[in-house]
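Listed below are the residues making up each chain.
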Amino acid sequence: MRLELGKIYIKDVQFGPETKVENGILFINKEELLKEVGGDERLKSIDVDIVHPGEEARIIPVKDVIEPRVKVEGPGGIFPGFISKVDTVGSGKTHVLKGAAVVTTGKIVGFQEGIIDMSGEGAKYTPFSKTHNVVMICEPVDNLPQHEHEEAVRMVGLKAATYLGKAGRNVTPDEVKVYETLPLLQQVAQYPNLPKVIYVYMLQSQGLLHDTYVYGVDAKKIIPTFIYPTEVFDGAIISGNCVSACDKNPTYVHMNHPIIEDLYERHGKDINFLGCVITNENVYLADKERSSNYTAKLVEFLGADAVIISEEGFGNPDADLVMNCYKIEEKGIKTVLVTDEYAGRDGSSQSLADSTPKGDAVVTAGNANEVIVLPPMKKVIGHPEAADVIAGGFAGSLRPDGSIEAEIQVITGATSEVGFGYLSAKTF
Amino acid sequence: MEKVIIVTNNDMALEKFKDKHQVEFVDGKLLDVLYKVRDYIHKHHKLLTHPLMGSIKPNQTPYKSVALSLKKSDELDVDSLMYIEKSIETAENLIKNKPPREWPENVLYDFKVIDFDLIYNALNR
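Residues numbered from 1 in each chain as written. Chains lettered and ligands numbered in written order. Predicted model: local features only at pLDDT ≥ 70, side-chain atom pairs only at ≥ 80, totals over all residues. Heavy atoms only, no water.

Peer 1: Can you break down the sheet that holds strand 17 (residues 225-227) of chain A residue by residue, with the values?
Peer 2: All names here are of chain A. On the basis of which strands lie adjacent, the open sheet formed by six strands has the order 17-19-14-20-21-22 and mixed pairing. Unpaired on one side and paired on the other, strand 17 and strand 22 (362-367) mark the two borders of the sheet. Between one strand axis and the next, the sheet turns through 20 degrees on average, direction left out of account. Bridge count between strand 21 (residues 334-341) and strand 22: four bridges; the pairing is parallel. Residue pairing for strand 22: Val338 is matched across the bridge by Val363. Most of the contacts of helix 6 (residues 258-266) go to strand 14 (residues 196-203), to which it runs at about 175 degrees, and overall it touches strand 14, strand 19 (272-280), strand 20 (306-310) and strand 21. With respect to the sheet, helix 7 (residues 285-301) is in contact with strand 14, strand 17, strand 19 and strand 20, its orientation differing from that of strand 19 by roughly 165 degrees. (Pairing = 2+ DSSP bridges. Helix = DSSP H or I, 4+ residues; strand = E, 2+ residues; numbered from the N terminus. Axes fitted to C-alpha atoms, helices over the stretch in contact; angles between N-to-C directions. Contact = heavy atoms within 4.5 Å.)

Peer 1: I'd like a rundown of empty space enclosed by the protein, residues and numbers included.
Peer 2: All names here are of chain B. According to the stated counting rule, one finds three cavities of 30 Å³ or more in the structure shown. Counting residues per element, the lining of the largest cavity draws most heavily on helix 3 (residues 78-97), at four residues. Partitioned by chemical class, the residues of the lining of the largest cavity number five nonpolar, five polar and two charged. In this structure, the second largest cavity encloses a volume near 70 Å³. Of the residues contributing to the lining of the second largest cavity, the split by class is six nonpolar, two polar and two charged. (1 Å grid on protein atoms, 1.4 Å probe; cavity = no way out; pocket = protein on both sides within 12 Å on 5 of 7 lines; lining within 4 Å. Points joined across faces, edges and corners; volume = space filled by probe spheres on them. Nonpolar A, V, L, I, M, F, W, Y, C, P; charged D, E, K, R; others polar.)

Peer 1: Mind laying out unusual backbone geometry, listing which residues take part and the relevant values?
Peer 2: Outside of glycine, negative phi angles account for most residues, and trans bonds account for most peptide bonds. All names here are of chain A. A cis amide bond links Ile60 to the next residue, Pro61, at an omega of -10 degrees. Positionally, Pro61 belongs in the loop between strand 6 (57-60) and strand 7 (62-66). For Asn143, which is not glycine, the phi torsion reads 60 degrees and is therefore positive. If you trace the backbone, Asn143 turns up in the loop between strand 12 (132-140) and helix 2 (146-165). Here Asn143 falls in the exposed class, since its relative accessible area comes to 79%. Although it is not a glycine, Tyr215 sits at a positive phi angle of roughly 50 degrees. By secondary structure assignment, the location of Tyr215 is in the loop between strand 15 (210-214) and strand 16 (217-218). Take Tyr215: its relative accessible area is 16%, and that puts it in the buried class. (Buried < 20%, exposed > 50% of the residue type's maximum accessible area, 1.4 Å probe, protein only.)

Peer 1: Run through the layout of surface pockets, naming residues and quoting values.
Peer 2: Here the idea is plain: a probe the size of a water molecule rolls over the atoms and shows the empty space left. Residue and element names in this part refer to chain A. Size it by volume and the largest pocket reaches roughly 570 Å³. Looking at the lining of the largest pocket, the elements with two or more residues in it are helix 6, strand 20, strand 21 and strand 22. By residue number, the principal contributor to the lining of the largest pocket is helix 6, which donates five residues. For the lining of the largest pocket, the class distribution of residues is 18 nonpolar, eight polar and three charged.

Peer 1: Give a description of the pairing of strand 10 (residues 100-105) of chain A that names residues and reports values.
Peer 2: Residues and elements named next belong to chain A. The buried fraction of strand 10 amounts to six of the six residues, a majority that puts the element mostly inside the structure. Across four bridges, the pairing between strand 7 and strand 10 is antiparallel. Looking at strand 10, one finds that Asp64 is bridged to Thr104. As paired strands, strand 10 and strand 12 are joined by six bridges and run parallel to one another. Its bridge partner being in strand 12, Thr104 is matched across the sheet by Met136.

Peer 1: Can you explain the packing of aromatic side chains? Please cite residues and give values.
Peer 2: For any pair of aromatic rings, geometry is given as the distance between the ring centres together with the angle between the planes. Evaluation of the coordinates by the stated rule reveals 15 aromatic pairs over all chains. The rings of Tyr179, Phe233, Tyr264 and Phe273 of chain A are connected pair by pair, giving a single aromatic cluster. Over the ring of Phe27 of chain A we find Lys20 of chain A, and its NZ or CZ is 5.9 Å from the ring centre. The ring of Trp103 of chain B carries Arg101 of chain B above its face, with NZ or CZ at 4.7 Å from the centroid. (Phe/Tyr/Trp six-rings, centres within 6.5 Å; stacked < 30°, edge-to-face > 60°. Lys NZ or Arg CZ within 6 Å of the ring centre and 35° of its normal.)

Peer 1: Any chance you could break down helix 3 of chain B for me, citing the residues and the numbers?
Peer 2: Between its terminal C-alpha atoms helix 3 of chain B stretches 28 Å, which fits the 28 Å expected from 20 residues at 1.5 Å a residue. Every buried residue of helix 3 of chain B is accounted for by Ser80, Leu81, Tyr83, Ile84, Ser87, Ile88, Thr90, Ala91, Leu94 and Ile95 of chain B. Where the residues of helix 3 of chain B are buried, they touch helix 7 and helix 8 (316-330) of chain A together with helix 2 (30-42) and strand 3 (45-47) of chain B. (Expected span 1.5 Å × (residues − 1).)

Peer 1: Describe the interface of chain A and chain B, naming the residues involved and giving the relevant values.
Peer 2: In this assembly, 46 residues from chain A lie in contact with 36 residues from chain B. Buried area between chain A and chain B, both sides added, is near 3400 Å², and the carbon and sulfur share of it is 58%. Inspection of the chain A/chain B interface yields one salt bridge. A salt bridge links Lys86 of chain B to Asp354 of chain A, with the nearest nitrogen and oxygen atoms 2.5 Å apart. Summed over the shared surface of chain A and chain B, the number is 15 residue pairs in polar contact (both at pLDDT 80 or more). Secondary structure elements with two or more residues in the side of chain A that touches chain B: helix 2, helix 7, helix 8 and strand 25 (393-398) of chain A. Counting residues per element, the side of chain A that touches chain B draws most heavily on helix 7 of chain A, at five residues. (Buried area = accessible area lost by both parts, 1.4 Å probe. Salt bridge = Lys/Arg side-chain N within 4 Å of Asp/Glu carboxyl O. Polar contact = N/O pair within 3.5 Å; in protein donor to acceptor, adjacent residues only side chain to side chain.)

Peer 1: Quick rundown of the sheet that holds strand 18 (residues 237-241) of chain A? Include the residues and the values.
Peer 2: Residue and element names in this part refer to chain A. Ordered in space as 16-15-18, the three strands form an open sheet in which the pairing is antiparallel. Among the strands making up the open sheet, the edge pair consists of strand 16 and strand 18. Sheet analysis places strand 15 next to strand 16, joined by two bridges and oriented antiparallel. By the bridge assignment, Tyr213 is partnered in strand 16 with Asp218. The strands touched by helix 2 within the sheet are strand 15 and strand 18, with strand 18 carrying the most contacts at an inclination of about 140 degrees.

Peer 1: Can you lay out the UniProt feature "active site" (unreviewed entry) in chain A for me, pointing to particular residues and giving the numbers?
Peer 2: Residue and element names in this part refer to chain A. The feature "active site" (unreviewed entry), as annotated in UniProt, sits at Cys242 in this numbering. Mapped onto the elements, Cys242 comes out in the loop between strand 18 and helix 5 (251-255). With a relative accessible area of 7%, Cys242 lands in the buried category. Discounting residues that sit within four places of it in the chain, Cys242 has contacts with Lys63, Ile108, Glu113, Glu150, Leu209 and Lys248. (UniProt positions renumbered as here; feature names shortened; annotations may be inferred.)

Right, here's the structure in full:
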């Protein structure tokens, strides 16, 4: 499967009479965009705003971040199972509006998290302070159940990103990157002397506000399976995960998956990247056993010499991570784990809720309990009152001057468990 | 599914499960639920769901529901004991680090809905 990713660099986003990309500027016809995403009776109103890097602006609470993309050549369309039919994606050509992002905000539950600050201290922790963000502000009808609300907001984000992505269809990309993974036997034969690597890609799948979708299917209902890495670049995996802002994978991160991109970077040089095994994170312990057994079996069957495993979330998923590690290592296959930590303010407490001596190679994406003060912002988009009920905040964490004292776990993407962030560890 | 024991301090879970399952309602904090679950494990009931389900931290949500087998085994299930001990340790650490705050009624309701949904999905999969 071969995908050409054509990146169109977006240096500014503005409202204008026509939705188009011209000289690196994305112009948006606001009325047309609102018409495109509207029509869901579950939402009382939808509004849109734009914020830029460096602006004194805060978005709260962020539900999802999505990158505008469009399929230019090849089967299927972006976001299969939601926006497009379920044709297999991941081959042909896709254009990306690099530097633009759709951000959805909505007060689905009363306790809140998910902050993007476009400037100041908080901006250093979120990758989405560097993108020009088209913010979709959704208000539900009265008494809308949380499930319905989440789904409605999720769809607005996907529709908005699809609509904006189409503006890049006939634009010549500034940069083209080619990614290719061959069918298994050919891929193994292509680099016979390099170690064969599989990425075990764990998806949050515990229930309400903790879900992920694969080609439209709720990931808690899958058994582990193979996916070509390029399918992910076309939006085959969608986030419905609205809690734990710091270490959830927004749809944008799935589409720009840094572990997959890095494995491709080394592909053919010092490793042979065979592809991804997606698996879920379950509440029921027997389901954990089944999924980890299946993952280990599949990884062995595919002939991997080594595996990278990432988890998504806190607590319960640590058990799935450890089971995957243990069972894969038992088969004589080396593993490296990627996670973040809840190690207390000073970082000295036990980081994970589970462990195994076989987990002897672990990459940390940061300590989510670290405390930060976010300065007041001139402009707050979304629900400013939500700042007082931040899940990772303290009683009275919203100070009279508008600044917020909270743990970095409230910041979208701060401790991304696939490493889509800025934190790293140093030993002294 | 067959009848199970649900230990919970979430009255929504009590209300929705009481006709179908054996619900042990704990009038206490999240940690009291976990301690009660540990008691059941020592009486040879097997843990069915992860005590730290959900990404909402134990020092954020005040509610927790955990399912155990109704039937007792002949022996103590060591895996169950390991899960609950590690979960208690993690929860105690986080709560000590930053104690739970007081939440308004509407927020408490949302925590109940999510706790219930997660355990409901796990049992009706």
